[in-house]
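# Residue-level structural notes
Read off the chains here:
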Amino acid sequence: MRGPGPARPPVVDVHTHVVPKGWPDLGAACGGSDWPRLRVDSERAAMIMVGETEFRPVGAECWDAPTRLGDMDADGVDVQVVSPTPVFFSYDRPAEQAVKVARIFNDLTLEVTAAGGDRLVPFCQVPLQDPEAACAELDRCLAAGHAGVEIGNHVGDRDLDDAGIVEFLTHCAEVGAPVFVHPWDMPGGPRLDRWMARWLAGMPAETHLSVLALILGGVFDRVPDTLRICFAHGGGSFPFWLGRADNAWHRRGDLVRGASTVPPSSYVDRFCVDSVVFSAPALRLLVDTMGAERVLVGSDYPYPLGERPVGRVVREADFLTGEQRDLLLGGNALRFLGTRS
């Protein structure tokens, strides 16, 4: 129990994922083929299949609220933001199919999180390849109980500065929906298809590229500053290479500046990142680069590359003041979610 003194904010994990325990046959419900399906191996274990390929083993913590809550209690987490698993985004499908699959998984997510009460905060997915449909699905989900939206960091070759995606981000700003950006659909090939290199090298690079797209593509100069947007995995490699981006912006502005009006470092107050960087030196760099007000605890729960116990690096970081630690553990997340100014 906490001792007397000012009340501290709840500990909020902004980066967790859900997989429902089963869903309708997506080919019959949405059209098309080779959809993800769940092969249930036991009461507490299953395998996500894509066609006949094993994609990822999952356990009861993905769909069972009591299991999630038990893990949260063990790790000292009060609230989880629960987002889709990116394999279900379906951005490569026709929009009408992506709309149907988004509705299915968004409704199932509400069923999973309802058992956790206010401790499990659902985020939805949208058919991002169709801006009008994406805005409509977001509005439907907000009315149904979702608190925000998770999007992938690109749609095919269209990055976050694409006109249609900017239209969706502008809508998010207007309706006050927080946006969590997660890398997905990383490039493959012989050099990346071993050692989980797509996750270890590809994910940080994908996130870095999409942060640059928002900056150099002029998105932050056009979208209202009411947009609340957070990037997974510590913003990828962007924080480490911000100085390089600034240097290039000044020295080769003819190629680098794009539609941005000021150097990249001038935009760091327009977005947040989570804390999933796994070491104190990396967290120090993240806080020094982004500011303590823009780093939010995340874990990537329940997947094996996530942090357990959740928030361990933040709790043990001796370079943080008590006030900064409280911001990272929960205060910043409450502002991101729109529950605190």
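Nothing here was measured: the structure is a model prediction, and the numbers come from that model.

I151, F168, L169, I229, F271 and L283 are the most contacted members of the largest nonpolar core, which has 63 residues in total. Per element, the largest residue contribution to this core is six residues, and it comes from helix α5 (residues 163–175). Ignoring anything within four residues of it in the chain, the contact list for I151 reads F89, Y91, V126, L128, L160, F168, L169, V179, F180, V181 and H182. Core analysis: the second largest hydrophobic core is formed by 18 residues, C30, I48, C62 and Y303 among them.

Moving on, we come to the UniProt feature "domain: Amidohydrolase-related" (unreviewed entry) in the protein. Here the UniProt-annotated "domain: Amidohydrolase-related" (unreviewed entry) positions come out as residues 12–338. Span residues 12–338 is 41% helix and 17% strand, its end C-alpha atoms 13 Å apart.

Turning our eyes to something else, we now look at the packing of helix α4 (residues 131–144) against α5. At their nearest, the axes of α4 and α5 sit 9 Å apart, and the two run at 25° to each other. Here α4 is positioned roughly parallel relative to α5, judged by the angle of their axes. For α4 against α5, the interelement crossing comes out right-handed. Counting all contacts with α4, which are made through P131, A134, C135, L138, D139 and L142, the residues of α5 involved are G164, E167, F168, H171, C172 and V175. Here the contact of α4 with α5 is built from residues that sort into eight nonpolar, two polar and two charged.

It is worth spelling out the sheet that holds strand β4 (residues 53–59) at this point. Sheets are built from strands that pair by backbone hydrogen bonding, the pairs being arranged parallel or antiparallel. One open sheet holds the three strands; their spatial order is β2-β3-β4, and the pairing between them is antiparallel. Edge positions in the open sheet fall to β2 (36–42) and β4, since each of these has one partner strand only. Looking at each pair of strands side by side, their axes are set apart by 25° on average, direction ignored. One ladder, built from six bridges, connects β2 with strand β3 (residues 45–50); its direction is antiparallel.

Residues M196, L200 and L305 make up a contiguous nonpolar surface patch of roughly 290 Å² in combined accessible area. On the secondary structure map, L200 appears in helix α6 (residues 197–216). L200 gets classed as exposed once you look at its relative accessible area, which sits at 58%.

Let us now look at the packing of helix α3 (residues 95–114) against α4. Two quantities define a packed helix pair, namely the angle between the axes and the distance from one axis to the other. At a minimum axis separation of 11 Å, α3 and α4 run at an interaxial angle of 15°. As judged from the angle between their axes, α3 and α4 are roughly parallel. For α3 against α4, the interelement crossing comes out right-handed. Contact residues: V99, A102, R103, N106, D107 and L110 in α3; A133, E137, R140, C141 and A144 in α4.

So, on to the environment of V313. Relative to the helices and strands, V313 is located in helix α11 (residues 312–316). Classification of V313 as buried rests on a relative accessible area of 6%. Each C-alpha atom, one on V313 and one on V277, is 8.4 Å from the other, the two residues being 36 residues apart in sequence. Excluding anything up to four places from it in sequence, V313 contacts F278, S279, A280, L283 and E307.

The calculated volume of the largest pocket comes to roughly 1,200 Å³. Every residue lining the largest pocket is counted, 44 residues in all, and those nearest its centre are R56, P183, M186, W199 and M203. Counting residues per element, the ones that place at least two in the lining of the largest pocket are β4, α6 and α10 (280–290). Considering each element in turn, the lining of the largest pocket owes the most residues, five residues, to α6. Residue composition of the lining of the largest pocket, by class: 28 nonpolar, nine polar and seven charged. Considering only enclosed or pocket space, the second largest pocket measures out at about 240 Å³ in volume. Per-element accounting of the lining of the second largest pocket gives the leading share, three residues, to helix α12 (residues 322–337).

Rules behind the numbers
Residues numbered from 1 in each chain as written. Predicted model: local features only at pLDDT ≥ 70, side-chain atom pairs only at ≥ 80, totals over all residues. Heavy atoms only, no water. Core = buried A, V, L, I, M, F, W, Y, C linked by side-chain atoms within 4.5 Å. Buried < 20%, exposed > 50% of the residue type's maximum accessible area, 1.4 Å probe, protein only. Helix = DSSP H or I, 4+ residues; strand = E, 2+ residues; numbered from the N terminus. Contact = heavy atoms within 4.5 Å. UniProt positions renumbered as here; feature names shortened; annotations may be inferred. Axes fitted to C-alpha atoms, helices over the stretch in contact; angles between N-to-C directions. Parallel < 35°, antiparallel > 145°, perpendicular 65-115°, else oblique. Left-handed = near helix turned anticlockwise from the far one by under 90°. Nonpolar A, V, L, I, M, F, W, Y, C, P; charged D, E, K, R; others polar. Pairing = 2+ DSSP bridges. Patch = residues over 30% accessible without salt bridge, like charges linked within 9 Å, V, L, I, M, F, W, Y side chains within 5 Å. Areas by Shrake-Rupley, 256 points an atom, 1.4 Å probe, with all protein chains shown as cover. Salt bridge = Lys/Arg side-chain N within 4 Å of Asp/Glu carboxyl O. 1 Å grid on protein atoms, 1.4 Å probe; cavity = no way out; pocket = protein on both sides within 12 Å on 5 of 7 lines; lining within 4 Å. Points joined across faces, edges and corners; volume = space filled by probe spheres on them.

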